[in-house]
Amino acid sequence: MQLNRKHSLIFLALAATQQLAVAGDPASISAGPIEIFPTISGVIKHDDNIVLSDNNEVDSMVYEISPGVTAVLRDRMNTYHLSYNLKDASYVDSDEDDYTDHHLNANAHLELNSRNKLDLSAGLDKGHEARGQGASAGGGTAIGEPAEYDDVTYGLSYQYGSNEGGARLVFELDELNKEWTNNRVVNAARDRDETHAGATFFYKIGGSTNAFIEYDYTDINYDIDPLNGLTLDSEENEYNVGVTWEATAKTTGTAKLGRIDKKFDSAGREDFDSASWAVDINWQPQDHTLITLHTGKTVDESTGVGSLIERQQNSITLDQDWSERLRMRLTASVADDSHEGSQREDDITSYGAHAIYKFRRWLSFDLGYDFDERDSNQAGLDYEHNVVSLGFNVSL
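Residues numbered from 1 in each chain as written. Predicted model: local features only at pLDDT ≥ 70, side-chain atom pairs only at ≥ 80, totals over all residues. Heavy atoms only, no water.

## Let's talk about the packing of aromatic side chains
In total, this model carries six aromatic pairs according to the counting rule given. Taking 5.3 Å as the distance between ring centres and 35° as the angle between the ring planes, the aromatic pair formed by Tyr 215 and Tyr 239 counts as tilted. Residue Tyr 215 is located in strand 10 (residues 209-222), and its partner Tyr 239 is located in strand 11 (residues 234-248); the two are separated by 24 residues in the primary sequence. With 6.4 Å between their ring centres and 70° between their planes, Phe 359 and Phe 365 make a pair best called edge-to-face. We note Lys 178 situated over the ring of Tyr 149; from NZ or CZ to the ring centre the distance is 3.8 Å. Directly above the ring of Trp 180 sits Arg 190, whose terminal nitrogen or CZ lies 3.9 Å from the centroid. (Phe/Tyr/Trp six-rings, centres within 6.5 Å; stacked < 30°, edge-to-face > 60°. Helix = DSSP H or I, 4+ residues; strand = E, 2+ residues; numbered from the N terminus. Lys NZ or Arg CZ within 6 Å of the ring centre and 35° of its normal.)

## A few points about unusual backbone geometry
Here the phi dihedral of Leu 52 falls at roughly 55°; this positive angle occurs in a residue that is not glycine. Residue position: Leu 52 is located in the loop between strand 2 (34-47) and strand 3 (60-75). On the accessibility criterion, Leu 52 (6% relative accessible area) is buried. (Buried < 20%, exposed > 50% of the residue type's maximum accessible area, 1.4 Å probe, protein only.)

## Details of the nonpolar core
The biggest cluster of nonpolar side chains holds eight residues, and these are Ile 220, Tyr 222, Leu 232, Ile 260, Phe 264, Phe 272, Val 299 and Leu 308. Elements with a contribution of two residues or more to this core: strand 10 and strand 12 (251-264). (Core = buried A, V, L, I, M, F, W, Y, C linked by side-chain atoms within 4.5 Å.)

## Considerations on the environment of Tyr 99
With respect to the helices, strands and loops of the structure, Tyr 99 is situated in strand 5 (residues 99-113). Counting along the chain gives 271 residues from Tyr 99 to Asp 370, while the straight-line C-alpha distance between them is 21 Å. Beyond its immediate chain neighbours, meaning those up to four positions away, Tyr 99 contacts Glu 64, Lys 87, Asp 88, Ala 89, Tyr 91 and His 128. (Contact = heavy atoms within 4.5 Å.)

## Quick notes on a nonpolar patch on the surface
There is a patch of nonpolar side chains on the surface, built from Trp 322, Leu 326, Tyr 357, Phe 359, Phe 365, Leu 367 and Leu 390 and spanning about 670 Å² of accessible area. Every element with two or more residues in the nonpolar patch is listed here: strand 17 (345-360) and strand 18 (363-376). Summarising the element assignment, Trp 322 is placed in the loop between strand 15 (308-321) and strand 16 (326-340). (Patch = residues over 30% accessible without salt bridge, like charges linked within 9 Å, V, L, I, M, F, W, Y side chains within 5 Å. Areas by Shrake-Rupley, 256 points an atom, 1.4 Å probe, with all protein chains shown as cover. Salt bridge = Lys/Arg side-chain N within 4 Å of Asp/Glu carboxyl O.)

## Notes on the pairing of strand 10
As paired elements, strand 9 (residues 192-206) and strand 10 share 14 bridges and run antiparallel to each other. Bridge assignment links Asp 193 to a residue of strand 10, and that residue is Asn 221. Counting the residues between successive antiparallel strands, the hairpin from strand 9 to strand 10 contains two residues, one of them, Gly 207, with a positive phi of roughly 55°. By the bridge criterion, eleven bridges tie strand 10 to strand 11 in an arrangement that is antiparallel. (Pairing = 2+ DSSP bridges.)

## A closer look at the pairing of strand 4 (residues 78-91)
Of the pairings in the sheet, the one linking strand 3 to strand 4 comprises twelve bridges and is antiparallel in character. Paired with Val 72 across the strands is His 81, a residue of strand 4. The antiparallel hairpin formed by strand 3 and strand 4 contains two residues in its connecting segment, where Arg 76 sits at a positive phi of about 55°. Two elements, strand 4 and strand 5, share eleven bridges in a ladder whose sense is antiparallel. Bridge pairing links Leu 86 to His 102 in strand 5.

## Side note on a positive patch on the surface
Together, Arg 325, Lys 358, Arg 360 and Arg 361 make up a positively charged patch on the protein surface. Tracing the backbone shows Arg 360 in strand 17. Look at Arg 360 and you get partly exposed, because its relative accessible area is 41%. (Lys, Arg positive; Asp, Glu negative; His and termini not counted. Charge placed at Lys NZ, Arg CZ, Asp CG, Glu CD.)

## Overview of the confidence of the model for the protein chain
Keep in mind that low pLDDT regions are not for reading the predicted coordinates in detail. Confidence in the prediction for the protein chain averages 92 pLDDT; 93% of positions are at 70 or higher. Predicted confidence is poor over residues 1-26, with pLDDT under 50, and the contacts of this stretch with residues over four places away or in other chains come to 26 contacts. (pLDDT = per-residue confidence, 0-100.)

## With respect to the environment of Thr 289
With respect to the helices and strands, the residue Thr 289 is situated in strand 14 (residues 289-301). Residue classification places Thr 289 among the buried positions, given a relative accessible area of 7%. Each C-alpha atom, one on Thr 289 and one on Phe 171, is 36 Å from the other, the two residues being 118 residues apart in sequence. The contacts of Thr 289, once residues within four sequence positions are left out, are Trp 283, Gln 284, Leu 318, Asp 319 and Gln 320. Side-chain polar atoms of Thr 289 contact the side chain of Gln 320, separated by 2.6 Å. (Polar contact = N/O pair within 3.5 Å; in protein donor to acceptor, adjacent residues only side chain to side chain.)

Structure representation (structure tokens):
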């Protein structure tokens, strides 16, 4: 009965939104100086391996609905945003995988004068980690529900110097509090606080090209120390040099190269240092073609195996407009995850193909196929995963 009620809500919400749009309402609703942008999206898909298992696959039809609203207030050069998004998913043949996520974000962009800018942000994410992902990789069928968490974030960024000037300096300060809210016997040890501070100096070297140097510091503290004393508390220092450019109207990008150093509080964990990089390029060889390239090497927190995850990833996305209404999107990605402090190595491959049809200004449909697989040197962690989906996006 609960499943049927959810399906009814999905189609009622879609019908109501379509009626609003057919009535000729504008793209936003004005409430005095505030603009309100309501949206709703949904997906019907078939997932052939929900828990990412190598030999005990669970497949199901899945219904997702995601309404959202954004409020925008503009005051001369200052802008304020407040947004909320809900995502609810129902699994027809595996209701233990049902979830409801909430995302609330607020930010403000303040231009104090031509040379001083301040950005403030705060957010609350009540999200989930699906069975078979993260800490439950290879054992998704052994747990009864997705792992749920609350992420609370605060941040500020201050810029001194104009974007058009010869030089500018940007300072950042961010705070993350992550708390896992269910299955605490297993997940409590993953609760942590992260404090990040960074500074970047940009110098214009010609036209729309800027060189930069940056430094980032992150202090990571876990709420609970393990009984064996091997705490994951650590400090990270990252140094980079790079360049951003807009060489022509057809090519933009950012490239940086540096080094990351991670020192653990526990003498029983080996410190880590390695080269790091990130390259992101947007290339538009024709008016209706956009190619996005990415390569990078980063470090992420451990999900329970080893001390950290060193990740190398390369990806490409092709967006091709065949007409004013029809767009094709092709994606491909390869990644290598090395779980430092253990023997585990994972190779992850994914690709997808989507056709996006803009039926009206306010309504589009997305027909897609996505595939991903993991090839691990540890038994029980390999999987193949196929998803076929039909989605919609509606706005006013």
